[in-house]
Amino acid sequence: SLSDRLTATFKNLKGKGRLSEADIDGTAREIRRALLDADVAVPVVRQFIAKIKARALGAEVSEALNPGQQVVKIVNEELVGILGGKTRELAFAKQPPTIIMLAGLQGAGKTTLAGKLAYRLKNQGHTPLLVACDLQRPNAVNQLQVGGQRAGVPVYAPHPGVSSEAEVATGDPVAVARDGVAQARQALHDVVIIDTAGRLGVDEELMRQASDIRTAVGAHEVLFVIDAMIGQDAVATAQAFDEGVDFTGVVLSKLDGDARGGAALSVASVTGKPVMYASTGEGLKDFEVFHPDRMARRILDMGDVLSLIEQAEASWDKGEAAKMAKKFADQEDFTLEDFLAQMQQLKKMGSMKKLLGMMPGAQGMRKELEQFDDSSLGRIEAIIYSMTPHERAAPKIINGSRRARIAKGSGVHVSEINQLLERFGQAQKMMKRMASGGGMPAGMPGMG
Ligand code: GDP
Ligand code: MG
């Protein structure tokens, strides 16, 4: 896997301390391969790699990361940046109804999305109306009606309740859109979701129709729905829709499949429009707000490496280390609160046991982590939270009767309280030793 290859690259780079062009080239080659594997469009990959190289060459050398990790970090930041930085939710109109129009190729997932979006908005307290403007395919209106029914959201169709195939086929989608919005105004719906027709390929008539609908209703949001599996065609399709209807946001559909989602990067790079939602199945609930950081991980396919990088940086947090060092220098006591915070941090790291070997000074934690699971943290928390603030700050006062009370309050046996306090005592000793030794073990501040 890419992770393994990069791990190997990192090993070779370890200890060099500076970002050289050769270091960057090696990592860039792996990244390039990962992006192409994820079906990011070739020109987008080329441009992206050039940008990464330029930035990496100018980058300050990090103390926490080795050069390979540093390049990966830059790659991740750039990916997240292109994918939208933060997530954007729908912008609601000051004057309702907010008009949302869906556009995209046939089969992209527009009609399915219409139902999901309606369902989500309804659950958020909105009163959406779905409008069926795909009069191209005989079954399209019916499909939206079924989706609306499942979502419990009304559907405006050319001839409500009738919609015979003949009527639908001769209908004018622009007129239907206009009538649908008028209907929404009258019935005080605060959101209108307009489903439109698509073609198998981009074509002028389709684009004109979509653009006419957009203008006729004054859509506030135009969501371009694109199948995550589209692969290299993503760029041309996105560009055509961007020019044709000037969409405001992107929805990536079928992310439940094998696609690693390179299309998201392609579309976002060439249009600069935010990816807002991800569709992940055929059910009403298979739909989520798009998370650029998660997508970056999926595209790079190296969540493990990225976790490691984050952890390495977090544990290098100098502010925190300095605070701890000062605390010990001041002879302040290490409290049960500190102990709990340590345990919680340890738990966070538990998920990356196998990566610990890559971190300096982490070998010693392996045993501790192996004995550590969710339930043990839960019990430690229960015990410590059952203590009074005074007991947490001055554990020495926890005598037999206090132990009995805490055991009862946290639902554990007194022997577990004893064990915890013993463990705490050991940690306290270690912290004191570290304080007198003048600091924390490298890379592991606060870790016993
Ligand atoms: P439209 O032509 O753009 O309206 O696309 P549809 O909404 O009709 O979807 C086309 C096909 O893809 C249908 O069979 C949907 O059930 C399916 N589909 C849509 N979205 C998703 C998704 O997120 N995941 C999966 N697995 N299938 C989807
Ligand atoms: Mg459809």
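Cut-offs used in this document
Residues numbered from 1 in each chain as written. Chains lettered and ligands numbered in written order. Predicted model: local features only at pLDDT ≥ 70, side-chain atom pairs only at ≥ 80, totals over all residues. UniProt positions renumbered as here; feature names shortened; annotations may be inferred. Helix = DSSP H or I, 4+ residues; strand = E, 2+ residues; numbered from the N terminus. Buried ≥ 20, exposed ≤ 12 C-beta atoms within 10 Å, placed from the backbone. Contact = placed C-beta atoms within 7 Å. Near = placed C-beta within 6 Å. Nonpolar A, V, L, I, M, F, W, Y, C, P; charged D, E, K, R; others polar. Expected span 1.5 Å × (residues − 1). Arc of directions from axis to C-beta. Core = buried A, V, L, I, M, F, W, Y, C linked by C-beta atoms within 7 Å. Domains from an automatic or database assignment. Pairing = 2+ DSSP bridges. Axes fitted to C-alpha atoms, helices over the stretch in contact; angles between N-to-C directions. Parallel < 35°, antiparallel > 145°, perpendicular 65-115°, else oblique. Left-handed = near helix turned anticlockwise from the far one by under 90°. pLDDT = per-residue confidence, 0-100.

Where an unreviewed UniProt entry is consulted, the protein chain appears under the name Signal recognition particle protein, with the organism given as Nesterenkonia aerolata. As its UniProt record puts it under Function (unreviewed entry), the protein chain is described as follows: "Involved in targeting and insertion of nascent membrane proteins into the cytoplasmic membrane. Binds to the hydrophobic signal sequence of the ribosome-nascent chain (RNC) as it emerges from the ribosomes. The SRP-RNC complex is then targeted to the cytoplasmic membrane where it interacts with the SRP receptor FtsY."

J.: Please give an account of the overall build of the protein chain that cites residues and values.
T.: A count of helical and extended segments in the protein chain gives 20 helices and eight strands. The proportion of buried residues among the 448 residues of the protein chain is 42%. Residue pairs at least 24 apart in sequence account for 77% of intrachain contacts in the protein chain once pairs closer than 6 positions are excluded.

J.: Which residues make up the site of ligand 1, and what values go with them?
T.: Near ligand 1 there are 19 residues, and of these Gly109, Lys110, Thr111, Thr112 and Ser279 occur at the shortest range. Sorting elements by how many residues they give to the shell around ligand 1 places helix 5 (residues 110-123) first, with three residues. In terms of residue class, the shell around ligand 1 is built from two nonpolar, 12 polar and five charged.

J.: Lay out unusual backbone geometry with the relevant residues and their values.
T.: Here proline 96 and proline 97 are connected by a cis peptide whose omega angle stands at 5°. As for its position among the elements, proline 97 is in the loop between helix 4 (67-82) and strand 1 (98-103). In this model, aspartate 39 sits at a positive phi of 70°, which is unusual for a non-glycine residue. Note that aspartate 39 resides in the loop between helix 2 (21-37) and helix 3 (42-58). With a phi close to 60°, leucine 188 is a non-glycine residue in the positive phi region. Within the element layout of this structure, leucine 188 appears in the loop between helix 8 (173-186) and strand 4 (191-196).

J.: An account of helix 9 (residues 204-217) is requested, with residue identities and associated values reported.
T.: Every α-helix winds through 3.6 residues per turn, so residues three or four apart in the chain are directed the same way. Here helix 9 spans 20 Å end to end across 14 residues, near enough to the 20 Å set by a 1.5 Å rise per residue. Turning to helix 9, its buried residues number three or more, namely Leu206, Gln209, Ala210, Ile213, Arg214 and Val217. One side of helix 9 holds all its buried residues, which, seen down the axis, span an arc of 135°. When the buried face of helix 9 is taken as reference, the exposed residues oriented beyond 90 degrees from it are Glu204, Glu205, Arg208 and Thr215. For helix 9, the secondary structure elements touched by its buried residues are strand 1, strand 2 (128-133), helix 8, strand 4, strand 5 (221-227) and helix 10 (234-245). Where helix 9 ends, the next residue or the one after it, glycine 218, has phi of about 60°, a positive value.

J.: Give me the nonpolar core: which residues, what numbers.
T.: In this structure, Leu130, Val131, Ile194, Ile226 and Leu252 are the most contacted members of the largest nonpolar core, which totals 94 residues. The two domains that each donate at least three residues to this core are domain 1 (2-86) and domain 2 (98-290). Setting aside its immediate chain neighbours within four residues, leucine 252 contacts Ile226, Ala228, Gly261, Ala263, Ala264, Val275, Ala278, Ser279 and Phe290.

J.: Tell me about the pairing of strand 4, and name the residues and values.
T.: Most of strand 4 is tucked away: six of the six residues are buried. In strand 4, alternate side chains face the same way, and those of Val191, Ile193 and Asp195 on one face and Val192, Ile194 and Thr196 on the other are all buried. Judged from the four bridges that link them, strand 1 and strand 4 form a sheet pairing that is parallel. Bridge pairing links threonine 98 to valine 191 in strand 4.

J.: Quick one: what's the story with the packing of helix 5 against helix 6 (residues 140-151), residue by residue and with numbers?
T.: Orientation of helix 5 relative to helix 6, taken along the N-to-C sense of each, is 25°, at an axis distance of 9 Å. The orientation of helix 5 with respect to helix 6, classified from their angle, is roughly parallel. Classified by chirality, the crossing of helix 6 by helix 5 is right-handed. Together, Thr111, Thr112, Ala114, Gly115, Ala118, Tyr119 and Lys122 of helix 5 and Ala140, Gln143, Leu144, Gly147, Gly148, Arg150 and Ala151 of helix 6 make up the contact between the two elements. Taken together, the residues that form the contact of helix 5 with helix 6 break down as six nonpolar, six polar and two charged.

J.: Can you lay out the sheet that holds strand 5 for me, pointing to particular residues and giving the numbers?
T.: One open sheet accounts for eight strands, arranged 3-2-4-1-5-6-7-8; its pairing is mixed. In the strand order of this sheet, the two ends are held by strand 3 (155-156) and strand 8 (287-289), each with one partner. In the sheet, strand 2 pairs with strand 3 via two bridges, with the strands oriented parallel. Across the sheet, the residue bridging to valine 131 is tyrosine 156, located in strand 3. Packed onto the sheet, helix 6 meets strand 2, strand 3 and strand 4 and runs at close to 165° relative to strand 2. Here helix 8 sits on the sheet in contact with strand 1, strand 2, strand 3 and strand 4, set at roughly 165° to strand 2.

J.: Pulling in residues and values, what's your account of the packing of helix 10 against helix 11 (residues 262-271)?
T.: Interaxial distance between helix 10 and helix 11 falls to 9 Å at its minimum, and their mutual angle equals 40°. Comparing their axes, helix 11 and helix 10 come out oblique. Crossing angle aside, the handedness with which helix 10 passes helix 11 is right-handed. For the pair helix 10 and helix 11, contact is made by Ala234, Val235, Ala238, Gln239 and Asp242 and by Ala263, Ser266, Val267, Val270 and Thr271, respectively. Class assignment for the residues of the contact of helix 10 with helix 11 results in six nonpolar, three polar and one charged.

J.: Which residues make up the confidence of the model for the protein chain, and what are the values?
T.: When pLDDT is averaged across the protein chain, the result is 81; 74% of the residues are at 70 or more. For residues 12-16, every residue scores under 50 in pLDDT, and the model assigns this stretch seven contacts once sequence neighbours within four places are set aside. This model gives residues 438-448 a pLDDT under 50, and the stretch forms 32 contacts once residues within four places in sequence are excluded. Prediction confidence for the complex, expressed as pTM and ipTM, is 0.69 and 0.99 respectively.

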